[in-house]
Amino acid sequence: MASPGYGKQSAPGQLPPAADDFAHLPVREAYLAGLIDHLPDGAAMDVKTLAAYQPLFGQMAVRTALNRLSTAGHLRRVRERVNADRPQWVFRTYFSRTPRSDAWWNHFLATGEAGESTENAPDPPEERSATAPSPVSPAYAALAGLGIADTRLALSAADCAALEPLAAEWLARDVTPALFTAALTAGLPTPVHSPVAFTRRRLLDKMPPERPAPAARATRIPECTECRTPCRPQALLGGLCSACRSPRGINRAASPPSRLSPVSVHRHAARIRAELRTAARQGS
């Protein structure tokens, strides 16, 4: 397996290869899905390597395509413990030629076994929205409650959404909401200039230890396909966390950075040089 990348692992129970396997996808996503499908297990799956495999799409296009393949039910990224005897974590991308639903992926990542055939089809977008759990998760609620416990840590809705994956990791390690609040609000300075930055720092610095992995099988931690934040399976819809599913996250992944034209660059440079000459004359 490639050490720096997300090594490919084929998901079980896939249908035999067919010419129309990826006909439901846009051209770019279908092309890259076909490329990934032909890669051997263990091949690197990081954006840089996939962009180098083929001449048509750069890293930004590959990143966006992987996100869309994730939401279409074809892949999930995970951190996985090798086994109970080796406390070593590896990064893997599970790929399925056959599109799968969120329920199928959650069952497979939790048990290592393929789900029932009735769960194979990917969730339609309208069904995914209708059946998705309430956006106010326990982690979000715990973060929102910090401002009630101490006004110095009053967070906005956007702050809670951004910090939700870290808070969810706390709760996944058997930390109760009461202990979470006590740990985050203890010994606060006066004033707290940036509640969101201060809370993020404490969430990272005071992260409780992980629970011992079950001896029966390897432990998998699903990650958001876009930002690679570890999340519980229920927090990932289409393989993306809530922050990356928001319009701001989608725009950030899909929109290339704007560039000034050469004429604009020369115009700005001439204006700056003129201002510097004027400032030098006034100073002299």
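Scroll up for the structure.
Parameters at a glance
Residues numbered from 1 in each chain as written. Predicted model: local features only at pLDDT ≥ 70, side-chain atom pairs only at ≥ 80, totals over all residues. Heavy atoms only, no water. Phe/Tyr/Trp six-rings, centres within 6.5 Å; stacked < 30°, edge-to-face > 60°. Helix = DSSP H or I, 4+ residues; strand = E, 2+ residues; numbered from the N terminus. Buried < 20%, exposed > 50% of the residue type's maximum accessible area, 1.4 Å probe, protein only. Lys NZ or Arg CZ within 6 Å of the ring centre and 35° of its normal. Lys, Arg positive; Asp, Glu negative; His and termini not counted. Salt bridge = Lys/Arg side-chain N within 4 Å of Asp/Glu carboxyl O. Polar contact = N/O pair within 3.5 Å; in protein donor to acceptor, adjacent residues only side chain to side chain. Axes fitted to C-alpha atoms, helices over the stretch in contact; angles between N-to-C directions. Parallel < 35°, antiparallel > 145°, perpendicular 65-115°, else oblique. Left-handed = near helix turned anticlockwise from the far one by under 90°. Contact = heavy atoms within 4.5 Å. Nonpolar A, V, L, I, M, F, W, Y, C, P; charged D, E, K, R; others polar. Core = buried A, V, L, I, M, F, W, Y, C linked by side-chain atoms within 4.5 Å.

**What to know about the packing of aromatic side chains**
Applying the stated criterion to the full structure yields seven aromatic pairs. When the ring of phenylalanine 22 is compared with that of phenylalanine 95, the centres are 6.4 Å apart and the planes differ by 50°; the resulting orientation is tilted. Taken together, the residues phenylalanine 22 in the loop between β1 (7-10) and α1 (27-38) and phenylalanine 95 in strand β3 (residues 86-95) connect sequence positions 73 residues apart. Ring centres of tryptophan 170 and phenylalanine 180 lie 5.5 Å apart, and the angle between their planes is 85°; on these two criteria the pair is classed as edge-to-face. Placement of the pair is tryptophan 170 in helix α8 (residues 157-172) and phenylalanine 180 in helix α9 (residues 177-185), with a sequence separation of ten residues. Each member of the pair tryptophan 170 and phenylalanine 180 is classed as buried. Three or more aromatic residues joined by ring pairs make a cluster, and in this case those are Tyr94, Trp104, Trp105 and Phe108. Against the face of tryptophan 104 rests arginine 100, its NZ or CZ located 4.3 Å from the ring centre.

**A look at the side chain of glutamate 226**
Mapped onto the secondary structure, glutamate 226 falls in the loop between β4 (220-223) and α11 (242-245). No salt bridge is formed by the buried glutamate 226; the nearest opposite charge belongs to arginine 63, separated by 4.6 Å. Polar side-chain contacts of glutamate 226 include one of 2.5 Å to the side chain of asparagine 67.

**Comments concerning the packing of α8 against helix α10 (residues 195-205)**
Orientation of α8 relative to α10, taken along the N-to-C sense of each, is 15°, at an axis distance of 10 Å. Between α8 and α10, the crossing angle belongs to the class labelled roughly parallel. As α8 packs across α10, the resulting crossing turns out to be left-handed. Between α8, through Asp159, Ala162, Leu163, Leu166, Ala167 and Trp170, and α10, the contact on the second element is made entirely by Val196, Thr199, Arg200, Arg202, Leu203 and Leu204. For the contact of α8 with α10, the class distribution of residues is eight nonpolar, one polar and three charged.

**Examining the pattern of salt bridges**
On inspection of all chains with the given rule, the structure shows eleven salt bridges. For the salt bridge of aspartate 102 with arginine 76, the shortest nitrogen-to-oxygen distance reads 2.7 Å. One end of the pair, aspartate 102, is in helix α4 (residues 102-111); the other, arginine 76, is in strand β2 (residues 75-83), with 26 residues separating them in the sequence. Per residue, the accessibility class of aspartate 102 equals that of arginine 76, and both read buried. Each of the salt bridges in this network shares a partner with another, and the network as a whole consists of Asp21, Asp37 and Arg97.

**Description of the nonpolar core**
Core analysis: the largest hydrophobic core is formed by 20 residues, its most contacted members being Leu143, Leu146, Leu155, Phe180 and Leu203. Secondary-structure elements contributing two or more residues to this core are α6 (138-144), α8, α9 and α10. Among the elements that make up this core, the one with the highest residue count is α8 (six residues). Apart from residues no more than four positions distant in its own chain, leucine 143 is found in contact with Leu155, Cys160, Leu163, Glu164, Ala167, Phe180, Thr199 and Leu203.

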